[in-house]
Each structure stands twice: as C-alpha cells, then as structure tokens.
Amino acid sequence: MEYMRMLGVATLQTRVVMLVDLDYFFAQVEERRNPSIRDKPVVVCVYSGRTEESGVVSTANYIARRFGVRSGMPIILAKKRLKGVEAVFLPVDHDYYEEVSERVTTILRGNADDFERVGIDEAYLEVSRRVEGDFGRAAALAQLIKGEVRDREGLTCSVGVGPNKVVAKIAADAKKPDGLTVVRPGEVVPFLSPLPADSLIGVGKKTAERLEALGVKTIGDLANYDVQRLIECFGKSLGTYLHNASNGIDDEPVQERGEAESISRIATLKEDTLDLRGIIEVTDRLCKEIHESLVQRGLSFKSVGIVAVMKDLSIRTRSRTLESPTDDVGVLRGAVKELFERFLGESEIEARRVGVRVSGLVKGMETQRRLTSFF
Ligand code: DCP
Ligand code: CA
Ligand code: CA
C-alpha cells in the first residue's frame, strides 16, 4: 500500500460514511430550553391560527410518541390521544432551532473529510480518510461526535455508519433515540434485506404502492427483482437506483451543496436591550462560531454585516466592506463592535435578536500569509 502511494497510484479504499440525525429535534431543543418539561409528553405545534387548536404537530418527544402522537397529525387528534395526561403543547420557534442547528453543524463539519447538511437536523459526514477505511475507528469517532454534541449542545443524536449514504441513512434510523448502528460492507445485504422497501431514501408512498403491486415488499424482494423490469416500470434513472440501492450499492458523493455566499449567525438576547456591552458579549460568541466555520472551509471574508431584530420585530441591518479579505477573528469582532456602536447610538427601541454576517467569501489566504511572514 505504502509502495503504491509512493508511486502516486491511487489506492481504492473502502468508503466510510456517517449520517447524524438529531433525536426528536424541535421537541428536544424545547426540553433543553426548559428542563422541567422533560418528563412529560412534549408536542411542538404549527398553529395555523384559524382556531385555537387548528394546525398540525411538527414533532413530539418520545414520551408523547408512546401515546401515538406523530409528526403531521392534527393538533386536535394529538390532544385527544393525550387526554387526561399532563402534556406540554408549544408553538414552533424555527429561528431558535436554526441557531442550535448551525452550532451542531459546526461541530459535525469539524469531524468530517467532506460534509453535507441535508436538513435542519441531519447531515452526512464522509470520514473515509480520517479513519483510513476502518469501521472500528469510525464507531469510535461516532461516539466522540455524540459526546461532543451532548457536551456542547446538550442534545442526543442517532448515528448510522456504512459504506455509502444509502446504507448510513438506513442505519441511523435503525436505533433511536441516542443510537449508533454500524453496518460493515459484508453486513450490508443481510442488514437491508428484511427492511420494508420504503425505508430506502427516494421511495415515497407512491413508489412503495407500485412496488407492492409488483409483489415487492422488502428491500430484499427489490434486490432480487429483475432490473430490466424495474427500468420498464420506473424509468431508467429510478429503476437503476432501486436496483443498486437495494443491493447496498451507492456512489453518491458527500458534498457541500452550493458554496456559501455568506455565513451568518443570529442569537436571541436574554432580554430586549440597547446595552452595547451585553450585545457585544453575544456577538463575540457569534463571531467565534463564524470564524470556526470559515477556518473549516478555508474561507476569508471581504464584508461584515450586522442585523438586529428589534422589539417591534422590525429588522435593521448595517454593513461595511474591508480593504482586503481576511479570516482574522479580531478584525471581525472589531468591525461588528464598530457597527453596533454606531447603530445603537441611532436606535430608539431595544433589540431582541442580534446577528453577524460575513460575505464576499474567497478561498484561502495562503498567499497573503506567506507574504506578510517576510516582514
Ligand atoms: N418536522 C416537521 N414536520 C414533519 C416532520 C419533521 O416540522 N412532518 C420537523 C420537526 C422535527 C424536524 O423536522 O423535529 C426533524 O425531523 P425528523 O424527521 O428528523 O424527526 P425528529 O427529529 O423530530 O424525530 P426523530 O427522533 O425520529 O429523528
Ligand atoms: Ca431527527
Ligand atoms: Ca431528520
């Protein structure tokens, strides 16, 4: 192997991919915000506002799920299932979940060779290089990541480890909450075979119904089904995918979707205020998070912006462009402080949430660093 590497020959290595999914995400964040609700059924709701109880359940904690409460269910039905039980119903606070999600993203990205966020509460991590294709080391890394997410954010997640995205995703679903499921290459076929066909990503209700009509119920049935007939029924693209995925074959790369044009972080203040010191304390933390994200991705910024959501929910922004791009956290903090100083001096009402954004992102600063290091 070493010899091949010396010759510059690429050696084929087993891929190791992780899918990390936060458990009962919105409800778990609410539990963390208010630990006294932890032992009760917690139901996070999207109220439509028409009547007091109209709307649907966004998600529920596992205690509420034991009573049959599910995502997407009408709130009225959830209340019926929880009748006579002391349960907590809360409205969704999407902005807050997004803040938490971004911090978790930073932790996850820092543990991956390549990274792909696929929703507010889950992401794929390509870890092949850092564990050198070793599934034992991948399991240890997964434990480490779970520990970091728990210690830094107070949240549990479930992790699936497999030789590709398809397998990692199904593995993550296999044990929840706080699960870790490792599926080694030799275990893929027996692991997948007994599962229902609609556990594969990309198999929705409609496809599952059509498969059922063909007598295909499990992933194993699908794996053994004639690929030509699948192509006839579902077209070349989906037919080929169904055949490969059910056999545990998937080459989809883990990749960041679209280079970020800007990176921003926002936080809700403990109380509405116009006090510069209190605000800077919060924005310094946001700057640190943005800096961490910049360093991870090897990016520098040209512009710095601030945003403030005021007490009356109006949104104000200010920004300035630097003379040259930098990835220096001190420069970022300085610019943010200056912008807030000026902004707060002009503002008549208190701020409720404050944010920082960097834009004009460019790759790397290596050249500048090398030049300045001569002086
Ligand atoms: N969500 C929603 N409506 C749905 C499904 C999900 O608003 N019909 C939101 C709330 C969830 C979040 O998306 O917390 C993540 O969705 P998941 O499917 O990952 O579900 P959970 O994280 O809630 O639960 P699990 O522990 O099963 O992952
Ligand atoms: Ca989840
Ligand atoms: Ca999810």
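Just so it is clear, the model here is predicted, and its values are computed rather than measured.

Draft legend 1. Quick look at the nonpolar core. Among the nonpolar cores identified, the biggest contains 35 residues, and Met-18, Phe-25, Leu-108, Leu-125, Val-149, Leu-155 and Val-161 are the most heavily contacted of them. Contributions of two or more residues to this core are made by strand S1 (17-22), helix H2 (25-33), strand S2 (42-47), helix H5 (94-109), strand S6 (122-126), helix H6 (135-153) and strand S7 (157-162). Counting only domains with at least three residues in this core, you end up with domain 1 (2-23 + 96-188) and domain 2 (25-92). Apart from the residues lying within four places of it in its own chain, the contact partners of Leu-108 are Val-20, Phe-115, Ala-123, Leu-125, Ile-145 and Val-149. If you look at the next biggest cluster of nonpolar residues, it comprises 29 residues, including Ile-280, Leu-286, Ala-335 and Val-356.

Draft legend 2. The arrangement of the sheet that holds S1 in detail. Ordered in space as S5-S6-S1-S7-S8, the five strands form an open sheet in which the pairing is mixed. Pairing within the sheet leaves two strands with one partner each, and these edge strands are strand S5 (114-119) and strand S8 (180-182). Across the sheet, the mean angle from the axis of one strand to that of its neighbour is 15 degrees, orientation sign disregarded. When S5 meets S6, the two strands line up antiparallel, connected through five bridges. Its bridge partner being in S6, Arg-117 is matched across the sheet by Ala-123. Contacts from helix H7 (residues 165-174) reach S1, S5, S6, S7 and S8 within the one sheet, and its direction differs from that of S7 by about 140 degrees.

Draft legend 3. Structural detail: helix H9 (residues 205-213). Burial in H9 covers these residues: Thr-207, Ala-208 and Leu-211. End-on view of H9: buried residues confined to an arc of 100 degrees, all on one side of the axis. Pointing more than 90 degrees away from the buried face of H9 are the exposed residues Lys-205, Lys-206, Glu-209 and Ala-213. Looking at the packing, one finds that the buried side of H9 touches helix H10 (219-224) and helix H11 (227-246). Looking at the residues trailing H9, positive phi occurs at Gly-215, about 85 degrees.

Criteria and thresholds
For every chain, the first residue of its written sequence is number 1, and the numbers climb from 1 along that sequence. Each chain takes a letter, starting from A, and each ligand takes a number, starting from 1, following the order in which they are written. Totals for whole chains, interfaces and linings use every residue, but because this is a predicted model, local features are given only for residues with pLDDT of at least 70 and side-chain atom pairs only at 80 or more, for both listing and counting. Side-chain calculation: all heavy atoms of the structure are included, whereas hydrogens and water are not. Within this scheme, the nonpolar core is defined by two criteria: the residues are buried Ala, Val, Leu, Ile, Met, Phe, Trp, Tyr or Cys, and they are joined through side-chain atoms within 4.5 Å. Per-residue accessibility, obtained with a 1.4 Å probe over protein chains only, is compared with the maximum for each type, and a residue is labelled buried under 20%, exposed over 50%, and partly exposed between these values. Under the scheme used here, helices are H or I runs from DSSP no shorter than 4 residues and strands are E runs no shorter than 2 residues, and both carry numbers assigned from the N terminus. For the domains described, the bounds stem from an automatic or database domain assignment. The contact criterion used is simple: two residues touch if any of their non-hydrogen atoms lie within 4.5 Å. Strands are treated as partners if at least two bridges between them are detected by DSSP. The convention used is that axes are lines fitted to C-alpha atoms, helices contributing only their stretch in contact, and that angles between N-to-C directions extend from 0 to 180 degrees. By construction, the arc corresponds to the directions joining the helix axis to the C-beta atoms.

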